[in-house]
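# An overview of the molecular structure
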Amino acid sequence: MADAARRGRGHVSLEVDADSPTGADRLYEALGFRTARDALAMRDARVFANRQLPHKTTAAVDPVTGRVTTGFSGERLDPPPGLRERLPSESLHIWVVENCGEVAACTRQLDGVTDIVEQRAILDRLEMITVFTRGGMIAAPCNNCQRWVR
């Protein structure tokens, strides 16, 4: 550990059997080591904090099933046919029509639904809200989405 510190390493890893009868895991925790689960959670939190957040976040709720799905601007998922037919054939913006969080959230709602009539029925009943990710203020759908989001 001292060698790693001299070389400027911010952390070292050590694999210990948590079920060890010697209590090795407790010894290393007393020395300041964290369990892998905690270390991974901390790493993921740092990565999330440093990454660029999407501009907008959308939640789509199916009032019949209670299922909630989310979508983020910039995801560009491939929408199923029932949704594709509602989207403008050409974007009214510099980004593609599939770029929006509304498209991503609805695409996730339709995951596994292959019948186009059922896709249409689900889309007709969805309730959606889009917010600016930073700050949480409600965001109006873009011009592309205003054509099909109710």
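If you're wondering where the values come from, they're calculated on a predicted model, not measured in any experiment. Counting restarts for each chain: residues are numbered from 1 in the order of the written sequence. Reporting of local features is limited, given that this is a predicted model, to residues whose pLDDT is at least 70; pairs of side-chain atoms are given and counted only at 80 or more, and all residues count toward the totals for whole chains, interfaces and linings. Heavy atoms throughout the structure, all of them, feed into the side-chain values; hydrogens and water do not.

## So, the layout of surface pockets
Operational definition: Using only the protein atoms, space was sampled on a 1 Å grid; points where a 1.4 Å probe fits but cannot get out form cavities, open sets with protein on both sides within 12 Å along at least five of seven lines form pockets, and lining residues are those with an atom within 4 Å of a point. Grid points are joined across faces, edges and corners, and a volume is the space filled by probe spheres set on the points. In DSSP terms, a helix is any run of H or I states spanning at least four residues, a strand is any run of E spanning at least two, and both are numbered starting from the N terminus. When residues are grouped by polarity, Ala, Val, Leu, Ile, Met, Phe, Trp, Tyr, Cys and Pro land in nonpolar, Asp, Glu, Lys and Arg in charged, and all others, Gly among them, in polar.
The calculated volume of the second largest pocket comes to roughly 160 Å³. Lining the second largest pocket we find His 55, Lys 56, Thr 58, Ser 73, Trp 95, Asn 99, Cys 100, Gly 101, Glu 102, Thr 130 and Cys 142. At the level of secondary structure, the elements contributing two or more residues to the lining of the second largest pocket comprise β1 (56–61) and α5 (101–109). Among the residues making up the lining of the second largest pocket, the classes are represented as 3 nonpolar, 6 polar and 2 charged.

## Thoughts on the pattern of salt bridges
This is how it is decided: By salt bridge we mean one thing: a side-chain nitrogen of Lys or Arg within 4 Å of a carboxyl oxygen of Asp or Glu. Relative accessible area decides the class of each residue, using a 1.4 Å probe on protein chains only: under 20% of the type maximum gives buried, over 50% gives exposed, and in between gives partly exposed.
In this structure the tally under the stated criterion is 6 salt bridges. Where Glu 98 meets Arg 84, a salt bridge forms, and the shortest distance between an N and an O atom there is 2.5 Å. Here Arg 84 lies in helix α4 (residues 81–84) and Glu 98 lies in the loop between α4 and α5, a separation of 14 residues in the sequence. Taking the relative accessible area as the measure of exposure, Arg 84 reaches 33% and is therefore partly exposed. Between Arg 86 and Asp 124 there is a salt bridge, with its nearest N and O atoms 2.7 Å apart. Residue Arg 86 is located in the loop between α4 and α5, and its partner Asp 124 is located in helix α6 (residues 116–125); the two are separated by 38 residues in the primary sequence. Each of Asp 78, Arg 84 and Glu 98 takes part in a single network of salt bridges with overlapping partners.

## Quick notes on α5
Which entries qualify depends on this criterion: Working rule for contacts: check all heavy atoms of both residues, and any pair within 4.5 Å makes them a contact.
Counting buried positions along α5 gives 8 out of 9 residues, so the element sits mostly inside the fold. Turning to α5, its buried residues number three or more, namely Gly 101, Glu 102, Val 103, Ala 104, Ala 105, Cys 106, Thr 107 and Gln 109. Residues of α5 that are buried sit in contact with β1, β2 (68–72), α4, α6, β3 (127–132) and α7 (143–146).

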